[in-house]
Amino acid sequence: MSKSFDVLVIGGGPGGYVAAIRAAQLGFSVACCESNPYADPKGEPRLGGTCLNVGCIPSKALLHTSHLFEEAGHAFAEQGIEVGKPQINVARMLARKADIVTRLTTGIKGLFKKNKVTFLPGHGAFAGQSAAGWKIRVGAEEIEAKEVIVATGSKARHLPGIPVDNRIICDNVGALAFDAVPGKLVIIGAGVIGLEMGSVWRRLGAEVSILEAGGSFLSAADIDVAREAQRIFTKQGLRIQLGVQLGAVKAGKKGVAIACTDKDGKTNQIEADRLIVSVGRVPNTDGLNADAVGLKTDARGMIEVDGHCRTNLPGVWAIGDVVRGPMLAHKAMEEGVMVAEILAGQAGHCNLELIPSVLYTQPEIAWIGMTEQQLKAEGLAYKTGKIPFLANGRALGMGATEGFVKMLADANTDRILGVHIIGAGASDLIGEAVAALEFSAAAEDLARICHAHPTLSEALHEAAMACDKRALHS
Ligand code: FAD
Ligand code: NAI
């Protein structure tokens, strides 16, 4: 007799584990299967998916350590702290990162127990329909479920002719685990991973070159933010080349040679100790047996869903990186909650228009809503309030004066249309902007809210005032 559940979630990343917990909270019997190769101390696959194991959390741990290292080397002396030349112990840094990952991933198993979610170690694949709903093979077992939530996430996209061994040529998995600081590091792709991982290893002493195929830098960001970011990152020492065409890549035992043509047509041969390939991610749909049951995917292999994450099959839902929309952990979690709530007859909702974007570089970059170039392209009349952190007392005290807050509001209604931040604390500051946009706030609404002094949030406050040309400190 096969085990039967109301809801089976395939994949235990931020989309899947959150969907499982929320469905269990709402009274369903729930199981979640997970098959990744990252074993926990008990030898079972870890929960938390890409995010906790080889994504958000480990990258932010390394970003923090490398930021402190850079501060100790460059910013402490200016504030009268004399510590000498800092040394990095890479093994210790990686052990700390691993400890954080273990704590969080085992914590999710604890949350499963607390919420009575059954954890099924093993790979899940459709095995057909049953009277109760769906049959899913998990490892050697057959499970029945009325509802199936596919949350199988994504993996790094690799390039033909560039074999990733996660030693010399790495994707995100290897890039988070270098056993020593490379002398020379080349990164293919100046996207989020390229800039975050490039920042980590540059701060620790690597000479970093980033080869980007596109002709413009951070094209998804507001144009002013992208320009400022390129200027600052270049000043920090990241060598960013745009419009690059890759040629042959040859890996040896100790390094790699990369042939490429720059935007002016000049051919170069770059030697490096390590290479990171960070050119986007592809959905994990292989091995799901999706075709056999008729689960529709699009040309990029993403499972096709509607605005509520319903697939073309009754009782089958898909969320997170395996479906359209930004590949972000918070988006996956929102969709997980939404689907569980819809299953319980509630009005689950996920606003794909208002998913914040964040780059955890220094300075941080965060935005929500429309960029200035989008407003122009759509012919919308807008006004701009822009405040540099140089005019913010707290930023000055922190020695973090780079960057600005830029607010875009409708010229006629004053409704906030976009907020773009480059500066210290942008990842946290953006939360207030997201709330403002969700509540359809006007710039005046934010301008009339009291913000604590001295805080970085005052820059957001002032930017709202600047939309009405009445900023007080700039
Ligand atoms: P995943 O996290 O990929 O989880 C899917 C899980 O399903 C995996 O554990 C996989 O093993 C499992 N699985 C797949 N197929 C099966 C199957 N057939 N049976 C059983 N299990 C299966 N996002 C942010 O929001 N903020 C960040 O700071 C951030 N940093 C990142 C840094 C890096 C280096 C990377 C690579 C990504 C980062 N992301 C970040 C993106 C974020 O990790 C993903 O958007 C998020 O993990 C997607 O969640 P998910 O649940 O859809 O998929
Ligand atoms: P990305 O989509 O952010 O950037 C990929 C870059 O590679 C693009 O600029 C693209 O033009 C370039 N590129 C593509 N093909 C190329 C080629 N052949 N040669 C040179 N350049 C090429 O993808 P990335 O950085 O791999 O990140 C993957 C996903 O992970 C992103 O979608 C992001 O959402 C998520 N992520 C989120 C983070 C965050 O929220 N802070 C951190 C890291 C990753």
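Each chain carries its own residue numbering, running from 1 in the direction its sequence is written. Chains carry letters and ligands carry numbers; both start at the beginning, A for chains and 1 for ligands, and go up in the order they are written. Residues qualify for local features only when their pLDDT is at least 70, as the model is predicted, and side-chain atom pairs are given and counted only at 80 or more; totals for whole chains, interfaces and linings, by contrast, use all residues. Excluding hydrogens and water, the side-chain figures rest on all heavy atoms present in the structure.

### Considering the nonpolar core
What makes a nonpolar core is a set of buried Ala, Val, Leu, Ile, Met, Phe, Trp, Tyr and Cys residues whose side-chain atoms join them at distances within 4.5 Å. For every residue, the accessible area obtained with a 1.4 Å probe (protein chains only) is divided by the maximum for its type, and the residue is called buried under 20%, exposed over 50%, and partly exposed between those limits. The biggest cluster of nonpolar side chains holds 39 residues, and the ones touching the most others in it are Leu195, Trp201, Phe217, Leu218, Ile240 and Ile365. Helix numbering and strand numbering both begin at the N terminus, where a helix is a DSSP run of H or I of at least 4 residues and a strand a DSSP run of E of at least 2. Every element with two or more residues in this core is listed here: helix H3 (56-75), helix H4 (90-115), strand S9 (184-188), helix H6 (192-203), strand S10 (207-211), helix H7 (223-236) and strand S19 (364-369). Take this core: its biggest share by element is five residues, from H7. Setting aside anything within four residues of it in sequence, one finds Leu218 in contact with Ala190, Leu195, Ala226, Ala229, Leu359 and Ile365. Ile368, Met407, Ala409 and Ile430 belong to the second-largest nonpolar core, a separate cluster that totals 34 residues. Contacts were defined at the residue level, with two residues in contact if any of their heavy atoms lie within 4.5 Å.

### Notes on the side chain of Thr65
One can find Thr65 in helix H3. Note on Thr65: relative accessible area 15%, which makes it buried. Not counting the four nearest positions on each side in its chain, Thr65 is found in contact with Ile88, Met93 and Arg96.

### A look at the site of ligand 2
Residues are counted as near a molecule or strand when any one of their heavy atoms sits within 4 Å of it. The local shell around ligand 2 holds 21 residues, among which Ile193, Glu196, Glu212, Gly280 and Val358 are the closest. Counted as a polar contact is a pair of N or O atoms within 3.5 Å, where, for protein atoms, one must be capable of donating a hydrogen and the other of accepting one, and residues adjacent in sequence contribute only when both atoms are in side chains. In the environment of ligand 2, an oxygen atom lies 2.5 Å from a nitrogen or oxygen atom belonging to the side chain of Glu212. Met327 places a polar main-chain atom, nitrogen or oxygen, 3.0 Å from an oxygen atom of ligand 2. Among the elements that take part in the shell around ligand 2, H6 stands out by supplying three residues, more than any other. Split into classes, the residues belonging to the shell around ligand 2 amount to 12 nonpolar, four polar and five charged. Boundary definitions for the domains trace back to an automatic or database domain assignment. When we break the shell around ligand 2 down by domain, the ones giving at least three residues each are domain 1 (3-156 + 282-352) and domain 2 (169-279). Each residue receives one of three labels: charged for Asp, Glu, Lys and Arg, nonpolar for Ala, Val, Leu, Ile, Met, Phe, Trp, Tyr, Cys and Pro, and polar for the others, Gly being one of them.

### A look at the environment of Gly139
Of note, Gly139 is situated in the loop between strand S5 (134-138) and strand S6 (141-150). Along the primary structure Gly139 and Val164 are separated by 25 residues, whereas in three dimensions their C-alpha atoms are 27 Å apart. Apart from residues lying up to four places away in sequence, Gly139 is in contact with Gly122 and His123.

### Some words on helix H9 (residues 329-343)
With 15 residues, H9 should cover 21 Å at 1.5 Å per step; its first-to-last C-alpha distance of 21 Å lies within 8% of that length. Of all 15 residues making up H9, 11 are buried, and the element is well covered by its neighbours. Along its buried surface, H9 packs onto strand S1 (3-10), helix H1 (14-25), helix H2 (49-54), H3, S6 and strand S17 (316-318). Just beyond H9, the residue with positive phi is Gly345, at close to 85°. A helix's residues, less one, multiplied by 1.5 Å, set its expected span.

### Quick look at the sheet that holds strand S12 (residues 245-251)
The criterion for strand pairing is that DSSP finds at least two bridges linking the strands in question. Spatially, the three strands line up as an open sheet ordered S12-S13-S14, and their pairing is antiparallel. Edge positions in the sheet fall to S12 and strand S14 (267-272), since each of these pairs with one other strand and no more. For this sheet the average axis-to-axis angle between neighbouring strands, irrespective of direction, equals 20°. Relative to S14, strand S13 (residues 256-261) runs antiparallel, the two sharing six bridges. If you follow Val256 over to S14, its bridge partner there is Ala272. For helices, the fitted line uses only the C-alpha atoms of the stretch in contact; every axis is such a line through C-alpha atoms, and the angle between N-to-C directions lies from 0 to 180 degrees.

### Focus: the sheet that holds S9
Taken in spatial order, the five strands line up as S8-S15-S9-S10-S11 in an open sheet, and their pairing is parallel. For this open sheet the edge positions go to strand S8 (169-170) and strand S11 (239-241), each flanked by a neighbour on one side alone. Sheet topology note: the S9/strand S15 (residues 274-277) ladder contains four bridges and is parallel. Among the inter-strand pairings, Val186 is bridged to a residue of S15, identified as Leu275. Set on the sheet, H6 makes contact with S9, S10, S11 and S15; between it and S10 the angle comes to about 165°.

### Quick look at the pairing of S9
Of all five residues that make up S9, four are buried, and the element is covered over most of its length. Bridge count for S9 against S10 is five bridges, and the pairing is parallel. Opposite Val186, over in S10, you have Ser209 as the bridge partner. Orienting the strands away from the viewer, one traces the path from the first strand over the helix to the second; a clockwise path indicates a right-handed crossover. In this region the chain leaves S9, passes through H6 and returns to the parallel neighbour S10; the handedness of that crossover is right-handed.

### Some remarks on the domain arrangement of the protein chain
Split by domain assignment, the protein chain resolves into domain 1 (3-156 + 282-352), domain 2 (169-279) and domain 3 (363-466). Computed from C-alpha atoms alone, the centre-to-centre distance between domain 1 and domain 2 is 28 Å. Facing 19 residues of domain 1, the contacting portion of domain 2 comprises 17 residues. Carbon and sulfur atoms make up 66% of the area that domain 1 and domain 2 hide from each other, which totals about 1400 Å². Here, a salt bridge means any Lys or Arg side-chain nitrogen found within 4 Å of an Asp or Glu carboxyl oxygen. Summed over the shared surface of domain 1 and domain 2, the result is two salt bridges. Across the pair Lys60 and Glu196 runs a salt bridge, and its minimum N-O distance is 2.8 Å. The interface formed by domain 1 and domain 2 contains six residue pairs in polar contact (both at pLDDT 80 or more). Contributions of two or more residues to the side of domain 1 that touches domain 2 are made by H2, H3 and H4. Two parts placed together each lose some accessible area under a 1.4 Å probe, and adding up what both lose gives the buried area.

### Describing the state of the cysteines
Counting rule for disulfides: a pair of cysteine sulfur atoms within 2.5 Å. Scanning the model with the defined rule gives zero disulfides in all. Among the cysteines around Cys32, which has no disulfide bond, Cys33 carries the closest sulfur, lying 6.4 Å off. Unpaired in this structure, Cys56 has its nearest cysteine sulfur neighbour in Cys51, at a distance of 3.1 Å. Look at Cys56 and you get partly exposed, because its relative accessible area is 28%.

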